[in-house]
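Fold and geometry: a report
Listed below are the residues making up each chain.
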Amino acid sequence: MSGTGDIPSVTLFGCRVDRLPMEGVVIRCSEFLREDRPHYVVTADTSAIVIAQDDEPFRGIINDADLVTPDSIGVVWASKRAGSPVPERVPGVDTMERLCELAAKTGDPVYLLGAAPGVAEMAANALCQRFPGLKVSGARDGFFQPDDEPDIVRAIAESGARILFVALGIPKQEKFIARNLASTGVRLAMGVGGSFDCFAGIVKRAPTIVRNFQLEWLWRTLSNPKKWRKALTLPQFAFMVLFHHKDTEAQR
Ligand code: UDP
């Protein structure tokens, strides 16, 4: 998979991030759906960039993506410090919502893979209520053995899905997509982290006022103790941005 070529981007610590606002991302994804080849989108938050420092294959997956969106306020800040600001934060959960809205209009079936048993189905039901006309070609949980992967990929392909949302957490979801994209038959795949939990109502999104202050990450960390490990990547990322910003470069 090649990079997008005509989209301005910034490279943060060896990871490409595309400088598109949400509207541009949605337009680009609608173009991907019309092109007769598979594409994948990476939503890059601070933890993704920190993990990619020690995980070269994952870094390669980010840089080869058709689109890399700035999924956290830390990434937005780092891009400003690099002198090549992304226009805004483009959260994965909002992008998934916009793509479901689009799919309800275009008729492209979506497949939801990931989260605890039953959650993908609950998320699918909630999305179908929100976007009448949305076709969900399948949904299954993300707790499976490596041996099950070929059957899962076959089920996705046989379902006729055009869009695949994978919620296995970073970097597992991106690696699943990189390994299997060609065999799934989809035109667009995207890793979406904890988004199914949000749509299913299991995890509440931060109130609008908290989101407006760009503090959703803090809200999620405080409301889910399991997020502490991920939260530890924040000071690490801040240190990288403040003291190693020479490792960033603007492109185009
Ligand atoms: N998950 C999964 N299979 C696994 C590990 C995690 O389906 O083997 C799911 C988990 O239930 C959750 C999502 O992946 O719904 C990860 O959410 P999180 O918000 O932690 O993602 P990230 O912060 O990495 O984007």
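Residues numbered from 1 in each chain as written. Predicted model: local features only at pLDDT ≥ 70, side-chain atom pairs only at ≥ 80, totals over all residues. Heavy atoms only, no water.

Brief notes about the site of the ligand
Residues in close proximity to the ligand total 15 residues, the closest being Gly142, Lys172, Asp197, Lys227 and Lys230. In the model, an oxygen atom of the ligand is placed 3.1 Å from a nitrogen or oxygen of the alanine 167 main chain. Between an oxygen atom of the ligand and a side-chain N or O atom of lysine 172, the distance comes to 2.5 Å. When the ligand sits alone it has 560 Å² of accessible area, and the protein chains cover 76% of it. (Near = heavy atom within 4 Å. Polar contact = N/O pair within 3.5 Å; in protein donor to acceptor, adjacent residues only side chain to side chain. Areas by Shrake-Rupley, 256 points an atom, 1.4 Å probe, with all protein chains shown as cover.)

Overview of a nonpolar patch on the surface
A cluster of nonpolar side chains, contributed by Ile209, Phe213, Leu215, Trp217, Leu218, Leu222 and Trp228, occupies part of the molecular surface with about 760 Å² of accessible area. Tracing the backbone through its elements, the reader meets tryptophan 228 in helix H12 (residues 228-231). Residue classification places tryptophan 228 among the partly exposed positions, given a relative accessible area of 48%. (Patch = residues over 30% accessible without salt bridge, like charges linked within 9 Å, V, L, I, M, F, W, Y side chains within 5 Å. Salt bridge = Lys/Arg side-chain N within 4 Å of Asp/Glu carboxyl O. Helix = DSSP H or I, 4+ residues; strand = E, 2+ residues; numbered from the N terminus. Buried < 20%, exposed > 50% of the residue type's maximum accessible area, 1.4 Å probe, protein only.)

Digging into the nonpolar core
Core analysis: the biggest nonpolar cluster contains 39 residues, and Ile49 and Leu113 have the highest contact counts within it. It is helix H2 (residues 46-53) that provides the largest number of residues to this core, a total of 4 residues. Every residue in contact with leucine 113, bar those within four places of it in the chain, is listed here: Arg140, Asp141, Phe144, Ile152, Ile156, Leu164, Phe165, Val166, Ala167, Phe176 and Phe196. Residues Val41, Met96, Cys100 and Phe196 belong to the second largest nonpolar core, which totals 38 residues. (Core = buried A, V, L, I, M, F, W, Y, C linked by side-chain atoms within 4.5 Å. Contact = heavy atoms within 4.5 Å.)

Describing unusual backbone geometry
Most peptide bonds adopt trans geometry, and most residues besides glycine take a negative phi value. At the junction of isoleucine 170 and proline 171, the peptide bond is cis and its omega measures out at 0° in the coordinates. Note on placement: proline 171 falls in the loop between strand E7 (163-167) and helix H8 (172-184). Non-glycine residue alanine 115 carries a positive phi angle of around 70°. Position of alanine 115 among the secondary structure elements: in the loop between strand E5 (110-114) and helix H6 (119-130). Take alanine 115: its relative accessible area is 10%, and that puts it in the buried class.

Let's talk about H6
Across its 12 residues, H6 extends 16 Å between first and last C-alpha, which sits within 8% of the 16 Å expected from 1.5 Å per residue. For H6, the full list of buried residues reads Val119, Ala120, Ala123, Ala124 and Leu127. In a view along the axis of H6, the buried residues occupy a sector of 135°, so they form one face of it. What points out from H6, more than 90 degrees from its buried face, is the exposed set Asn125 and Gln129. Those residues of H6 hidden inside the fold are in contact with helix H5 (92-106), E5, strand E6 (136-140) and helix H9 (195-199). (Expected span 1.5 Å × (residues − 1). Arc of directions from axis to C-beta.)

Points about the packing of aromatic side chains
Taken as a whole and judged by the stated rule, the model has 3 aromatic pairs. Here phenylalanine 13 and phenylalanine 237 contribute two aromatic rings whose centre-to-centre distance is 6.0 Å and whose plane-to-plane angle is 75°, an arrangement assigned as edge-to-face. Placement of the pair is phenylalanine 13 in the loop between strand E1 (9-12) and strand E2 (15-18) and phenylalanine 237 in helix H13 (residues 233-243), with a sequence separation of 224 residues. The residues phenylalanine 13 and phenylalanine 237 share a single accessibility class, namely buried. Measuring from ring centre to ring centre gives 4.8 Å for phenylalanine 239 and phenylalanine 243, while their planes differ by 50°; the resulting arrangement is tilted. With phenylalanine 239 and phenylalanine 243 both in helix H13 and 4 residues apart, the pair spans about one turn of that helix. On the basis of relative accessible area, phenylalanine 239 is assigned to the partly exposed category, the value being 48%. Of the residues examined, phenylalanine 243 reaches a relative accessible area of 55% and is grouped as exposed. (Phe/Tyr/Trp six-rings, centres within 6.5 Å; stacked < 30°, edge-to-face > 60°.)

As for the pattern of salt bridges
Summed over the entire model, instances satisfying the criterion amount to 14 salt bridges. With a closest N to O distance of 3.3 Å, arginine 187 and aspartate 36 form a salt bridge. Remark: aspartate 36 occurs in the loop between helix H1 (22-34) and strand E3 (39-44) and arginine 187 occurs in the loop between H8 and strand E8 (188-191); sequence separation between them is 151 residues. Overall, the relative accessible area of 17% leaves arginine 187 in the buried class. Its relative accessible area of 70% is what places aspartate 36 among the exposed residues. The network of salt bridges with shared partners includes Asp6, Arg28 and Glu31.

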